[in-house]
Structures are given as C-alpha cells and as structure tokens.
Amino acid sequence: MTETRQLKLGAFMRPASIHTGAWRYPGGAPDLNFNFPLLARCAQRLEAAKFDAFFMADHLAVLNMPIEALKRSQTVTSFEPFTMLSALAMLTQRIGLVATRLDPPSTRRSTWRGGSPRWTTSRAGRAGWNIVTTSNPDSALNFGLDEHMEHDERYRRAREFYDVVTGLWDSFAEDAFVRDIESGIYFDPERMHVLDHKGKYLSVRGPLNIARPPQGWPVIVQAGASEAGRQLAAETAEMVFAPSPNLKGGQALYADIKGRMARLGRDPEGLKMLPGAFVVVGDTVEEAAAKRAKLDSLVHYDSAIASLSIGLGGGRLAVRSGRAAAADPGDQRQPLGPRAGDRAGRARGPDRAPARPAPGRLRRPRLRRHGQTIADEMETWLHERGSDGFNVMFPYLPGGLDDFCDKVVPELQRRGLFRTEYEGPTLRDNLGLARPKNRFF
C-alpha cells in the first residue's frame, strides 16, 4: 500500500480497564481507580509511546444493575475526571487529555449547571471534551428529574449545550488582553463578547472568565452511533468514538458520518474516526488466547447477566427486578462465559460482558511475532477507510498497557503507520485538526 496515512491512537482508560474481570487478573491493580501514582505512570508510559490521548469516561450515577452484580464492579466509583486529568497535565507534556462531560438535565430550562466549561488542561492546549448524553436512567434522579429525558430530546439539549460551551470559549478575541502598563488598560472591552444565551434548555449570560484556550476550543469528541448521535457528530465532532461491529460496519459508519459532514459544508478530514479496540497481546496466538480465557474466567455470572441486560436495553425496571434477556449460562452463543463473545470490535459500555473485538484479536497463526497480527488488522482498517485509528482498551492494567506499548507500537512505527515523535505541543497539532475560528471576532 502506498498511502501515507497514519493511525491515531487513544487509550480508553475509564480509568481502569473496561473488562469486568480486569481487577482480578494476576498482576493487575485492584485499586487502580483510586491509585493516582499508578494512573500517572500509565499516562507517562502512553506519552512515551506517543499516544494521541488519554481518554477518561465519567458517570452521573452508579451503574444501573442489581446489587449482586454491582458489588463486583470496579467502575462503581472512581476519580472525578476533570480533577484527575488536571493533575495529570502537570506530570505530562504532550499527550492529549480527554474527559467525558455528561450533560445533566437538571431542569427543563436551566441555568449553567453542567460544571464549569473551563479546566486546567484547556489552558495547557491538550484538552478534549467528550460530549455525550447518558443512557443511565438513574442519572436523572440525581439532577432534579423523576424520569430520564427521552433519547432524541437528550441530543437536542446536547446540541444547545455544545453551542453554549463553545460560545463561552469564544468570549474574548485573541488580542483582547492588551495589558498596557502605561495606560492601566488590561483588556479591550470591545474585544469581549457577552453570550447572553436564552434557549429552550439553557440560560447562560457569560462571558467566561478566562482567555480563549490555546486550541481555540478543546477537541470535540462524540461517542454515539444512533441517528441522533451521528447527526450531532457530523455537526460538531472532531473525533468519534463509536461502535463498529466489523470492518464492513466500520466502513459504513465512516462513510455515513463523513458524508453528512460534507453535505453540511464541513471538511471530512476535520474529523477522526477512532472506534474502540479491545486488544490482548501475546508473543504467540496461543499465549494471547490463554490470557483472554483467563480474563473471561474471572467474570462472575451475576455481573455478566446484568451487563447483558443493560446492553440489550433491559432498562431500569427490568434490571432492578433482576429480570434479563433469556440466556442459558451454558449457551455459548451468549456473551457470558470464558469462550464467549460476539466478534464486534466496538466500544463496550461499563462492565459489559466479554466480547472479542476484531481490530485487536490475534487470530492468524502464521504471524506470531510481536504485534504483527494486530498491526495487520489496524493497517487494514486504516487503509480501507474503516477508521482513522483506534481508542485502545487494555485487558488489564498496567500489564496489558505495557504489552501494547512494547510489542504493538514498535511494529506500527516500523511500518510507518504511527508516529515516532509528536507533531506539535497541542492535541490538535497531533491529530492534524485545524484551530476553530472565533465565531464573534
């Protein structure tokens, strides 16, 4: 292949591994969600490997599952993402730091209550904002609502939320802060914009009390694959972390979202598609398969069946009552046991039952050297327009992360598929994204 495209790689940390059995894996870190020194070590290791971004999710409520399953979950609590990423910004130099900021629908018409749209990493020029709506119905109960907002309405509110936040980031022109010592003028009032937003869902006056961030705005990330999610991505996103069931499905999603962008007058190259890839690395196929089997064996049935119910749309009432989709624990067609799993390659939700994503699977017995089979599949997805890269999900930490950095990244670099040095100081520089213009100046 003669193309010069290179992969973009994010690390989906949550902050711990997405696999339900990861915290029990030999050599894993059961306390990782609250072990800041180890999380810092992971971020620094990823930066040394030239990853684009450290990606951290968030929750507005504990996971929506029965207590017998919930008590086995490592993601029931964790560090607050903006606080943690701000701390990591002090210990890293180039890697992007991406956090989910869920849009809490506190009232039908609310003032700003989504958390401040400014944070330390914005000032460092390495921030990304994953704007999503939560599917967990219990989150509404923590923000003044008795019922969860309907799906498409959540996305309509999210679009208004996006307009407000980006408008606040544009509060000051680039040259607003004159800092003239002789005259005593610190900033030019004519170069400050008061947003004064009054919409269907939000009422925000502004302006934001910081200068425009170094990137203009943090990189905008979107993670939905529904019709509403795809449209929001086409209108706003610069990175998409959405599920792709296989290469054909990835190509369809890639073409659909980038096609929508073109019809809206946006440059399709201004968005990077990075589906999730759950990657288990071994020196041989057999070693990787043994690691995966061990990992899957650590998933308790109670946790697996509750996760399956959520994944199939069981909803709060079905899950609370313990009812789930009919599944025989001995039926290997269901993703419940050590050999189970669809062949998805998509991003899995919190504590999902085990799956075998295509981009990270080691399945070609003739290619046994470090990282070769994984690099083969990633190269295929890149050149056949199934993705622009991947958000890598590690099977357990820190060992799974080290395996990828030691054995897969060097092979990608050898093929010219991944950088050996960062392109610039900001996340936008490294992703190859343009700096957005200030809409008011």
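Since the structure is predicted, the reported quantities are computational estimates derived from the model, not experimental observations.

Undergrad: Before we move on, can you summarise the overall build of the protein with the specific residues and values?
TA: Across its full length, the protein holds 14 helices and twelve strands. Buried positions account for 57% of the 441 residues belonging to the protein.

Undergrad: Which residues make up the packing of helix 6 (residues 151-169) against helix 7 (residues 227-236), and what values go with them?
TA: Between helix 6 and helix 7, whose axes approach to 10 Å, the crossing angle comes to 15°. Put simply, helix 6 runs roughly parallel to helix 7. As helix 6 packs across helix 7, the resulting crossing turns out to be right-handed. Seen from helix 6, the contacting residues are H151, D152, Y155, A158, R159 and Y162; seen from helix 7, they are A228, G229, L232, E235 and T236. Residues of the contact of helix 6 with helix 7, tallied by class, amount to five nonpolar, three polar and three charged.

Undergrad: Any details on the side chain of S387? Residues and values, ideally.
TA: Note that S387 resides in the loop between helix 12 (372-383) and strand 12 (389-393). Take S387: its relative accessible area is 0%, and that puts it in the buried class. Looking at S387, its side chain comes within polar contact range of the main-chain oxygen of G389, at 3.1 Å. With sequence-adjacent residues up to four places away left out, S387 is seen in contact with R5, Y254, M273, P275, W381 and L382.

Undergrad: An account of the side chain of K407 is needed here, citing residue identities and associated values.
TA: When you line up the elements, K407 lands in helix 13 (residues 399-414). Its relative accessible area of 16% is what places K407 among the buried residues. Polar contacts involving the side chain of K407 include one to the side chain of D283, which spans 3.0 Å.

Undergrad: A description of the state of the cysteines should follow, citing residues and the corresponding values.
TA: Under the defined criterion, the tally for this structure stands at zero disulfides. Lacking any disulfide linkage, C405 is separated from the closest cysteine sulfur, that of C42, by 9.0 Å.

Undergrad: So, the nonpolar core: which residues are in play, and what are the values?
TA: Ranked by internal contacts, the top residues of the largest apolar core, which has 46 residues, are L46, F51, F54, F394 and F404. Within the residue set of this core, elements represented by two or more residues are strand 1 (8-12), helix 1 (36-48), strand 2 (53-56), helix 3 (81-89), strand 3 (96-102), helix 12, strand 12 and helix 13. The next biggest cluster of nonpolar side chains, apart from the first, holds 23 residues, and it includes I18, M239, F278 and L298.

Undergrad: Give me the packing of helix 12 against helix 13: which residues, what numbers.
TA: As a packed pair, helix 12 and helix 13 sit with axes 9 Å apart at the nearest point and diverge in direction by 50°. Taken together, the axes of helix 12 and helix 13 are oblique relative to one another. Crossing handedness for the pair helix 12 and helix 13: right-handed. Across from Q372, I374, A375 and M378 in helix 12, the residues of helix 13 making contact are F404, V408, E411 and L412.

Undergrad: So what's going on with the environment of L427? Residues and values would help.
TA: Relative to the helices and strands, L427 is located in helix 14 (residues 427-431). As for L427 and A127, which are separated by 300 residues in sequence, their C-alpha atoms are 6.9 Å apart. If we skip the residues at most four places from it in the chain, L427 touches D52, A53, G96, V98, G125, R126, A127, G128, Q215 and V219.

Undergrad: So what's going on with the packing of aromatic side chains? Residues and values would help.
TA: The tally for this structure, following the rule as stated, stands at 17 aromatic pairs. When the centroid spacing of 5.9 Å and the interplanar angle of 50° are considered together, the rings of W129 and F161 count as tilted. Highlighted residues: W129 in strand 5 (residues 127-132) and F161 in helix 6, separated in sequence by 32 residues. For W129, a relative accessible area of 2% puts it in the buried group. Residue classification places F161 among the buried positions, given a relative accessible area of 2%. Ring centres of W129 and W169 lie 5.8 Å apart, and the angle between their planes is 80°; on these two criteria the pair is classed as edge-to-face.

Analysis parameters
- In every chain, residue numbers begin from 1 and rise along the written sequence.
- Since the coordinates come from a predicted model, pLDDT governs what is reported: local features require at least 70, and pairs of side-chain atoms require 80 or more to be given and counted, while whole-chain, interface and lining totals use all residues.
- The side-chain figures draw on all heavy atoms in the structure; neither hydrogens nor water molecules are used.
- To qualify as a helix, a DSSP run of H or I must reach at least 4 residues; to qualify as a strand, a run of E must reach at least 2; elements of each kind are numbered from the N terminus.
- Throughout, exposure labels follow a simple rule: accessible area from a 1.4 Å probe, protein chains only, divided by the maximum for the residue type, with under 20% read as buried, over 50% as exposed, and the rest as partly exposed.
- Every axis corresponds to a line fitted to the C-alpha atoms, with the helix fit spanning only the stretch in contact, and the corresponding angles, defined between N-to-C directions, vary from 0 to 180 degrees.
- Here roughly perpendicular refers to angles of 65 to 115 degrees, roughly parallel to angles under 35, roughly antiparallel to angles over 145, and oblique to all remaining angles.
- Handedness of a crossing is defined here by the sense of rotation of the near helix relative to the far one, left-handed for an anticlockwise turn of less than a right angle and right-handed for a clockwise turn.
- Should any heavy atoms of two residues lie within 4.5 Å, those residues are considered in contact.
- In this classification, Asp, Glu, Lys and Arg are treated as charged, Ala, Val, Leu, Ile, Met, Phe, Trp, Tyr, Cys and Pro as nonpolar, and every other residue, Gly included, as polar.
- Any N or O atom pair separated by 3.5 Å or less is treated as a polar contact, with the protein-specific requirement of one donor-capable and one acceptor-capable atom, and with residues adjacent in sequence counted only for side-chain atom pairs.
- Note on disulfides: each one is a pair of cysteine sulfur atoms within 2.5 Å.
- The nonpolar core is taken to be a set of buried Ala, Val, Leu, Ile, Met, Phe, Trp, Tyr and Cys residues, with the residues joined through side-chain atoms within 4.5 Å.
- In this analysis, rings of Phe, Tyr and Trp, with Trp reduced to its six-membered ring, are considered paired at centre separations within 6.5 Å, and the interplanar angle assigns stacked below 30 degrees, edge-to-face beyond 60, and tilted for intermediate values.

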